[in-house]
Amino acid sequence: EKDVCFMAFSGGPRGCPGKHLAVTLMKVAVCKVLEMFELMPAEQETVGRCYKFVEWPVGGLFVNVRRR
C-alpha cells in the first residue's frame, strides 16, 4: 500500500480549483495587515521553522508588530 497525503494546493490539471482565489484573498489580507500595523525586524527568531506541503519554497520572516 502506498503512503499518500493530502496537499491542499496540489499541482497539475486536477489541482485545487480555488487556488487562485485563495492566493488573491491572502494578498488582500496581507495588505490590510500592512495598513493597520507597522512591521519591524525581530531581534531574534522566536519560532522554529515551518514545513508545509506546497509547490513553492516556504521560508520565514520574523517580525515585531505595532499598531499604527
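One numbering rule holds for all chains: residues counted from 1, following each sequence as written. In keeping with the model being predicted, local features are shown solely for residues with a pLDDT of at least 70 and side-chain atom pairs are shown and tallied solely at 80 or more, while totals for entire chains, interfaces and linings include all residues. Side-chain numbers come from the whole structure's heavy atoms, not from hydrogens or water.

Regarding the overall build of the protein chain
Strands here are runs of E lasting at least two residues and helices are runs of H or I lasting at least four, both read from the DSSP assignment and numbered beginning at the N terminus. Counting its secondary structure elements, the protein chain contains one helix and two strands. Of the regular secondary structure in the protein chain, the N- to C-terminal order runs α-β-β. The proportion of buried residues among the 68 residues of the protein chain is 1%. Computed with the Shrake-Rupley method and a 1.4 Å probe, the accessible areas treat only the protein chains shown as cover for residues. Summed over all atoms, the accessible surface of the protein chain reaches about 6600 Å², with 61% contributed by carbon and sulfur. Only protein chains enter the accessibility calculation, which uses a 1.4 Å probe; a residue whose area is less than 20% of its type maximum is buried, one above 50% is exposed, and one in between is partly exposed.

As for the confidence of the model for the protein chain
Within the protein chain, residue pLDDT values average 76, and 56% of them lie at 70 or more. At the low end of the mean pLDDT range in the protein chain sits strand β2 (residues 63-67), at 88; at the high end sits helix α1 (residues 19-36), at 92. Note on scores: pLDDT gives the predictor's confidence for each residue, bounded by 0 and 100.

Quick word on the pattern of salt bridges
What counts as a salt bridge is simple: a side-chain nitrogen of Lys or Arg found within 4 Å of a carboxyl oxygen of Asp or Glu. Inspection of the entire model under this criterion finds two salt bridges. In this structure, Lys 32 engages Glu 35 in a salt bridge whose closest nitrogen and oxygen atoms are separated by 3.5 Å. Linking Lys 32 with Glu 35, this pair stays in helix α1, spanning three residues, or about one helical turn. In this structure Glu 35 comes out as exposed when scored by relative accessible area, which is 53%. Residue Arg 66 is joined to Glu 38 by a salt bridge in which the shortest nitrogen-to-oxygen separation is 3.3 Å. Of this pair, Arg 66 sits in strand β2 while Glu 38 sits in strand β1 (residues 37-41), and the two are 28 residues apart along the sequence.

Details of a nonpolar patch on the surface
Side chains of Val 30, Val 33, Leu 34, Leu 39, Leu 61, Val 63 and Val 65 sit close together on the surface and give an oily, nonpolar patch of about 610 Å² of accessible area. Within the residue set of the nonpolar patch, elements represented by two or more residues are α1 and β2. In terms of residue count, α1 provides more of the nonpolar patch than any other element does, three residues in total. Turning to its location among the elements, Val 65 is positioned in strand β2. Taking relative accessible area as the criterion, Val 65 reaches 51% and is therefore assigned exposed. Think of a patch as exposed residues, more than 30% relative accessible area, with no salt bridge, where like charges cluster within 9 Å and nonpolar side chains (Val, Leu, Ile, Met, Phe, Trp, Tyr) cluster within 5 Å.

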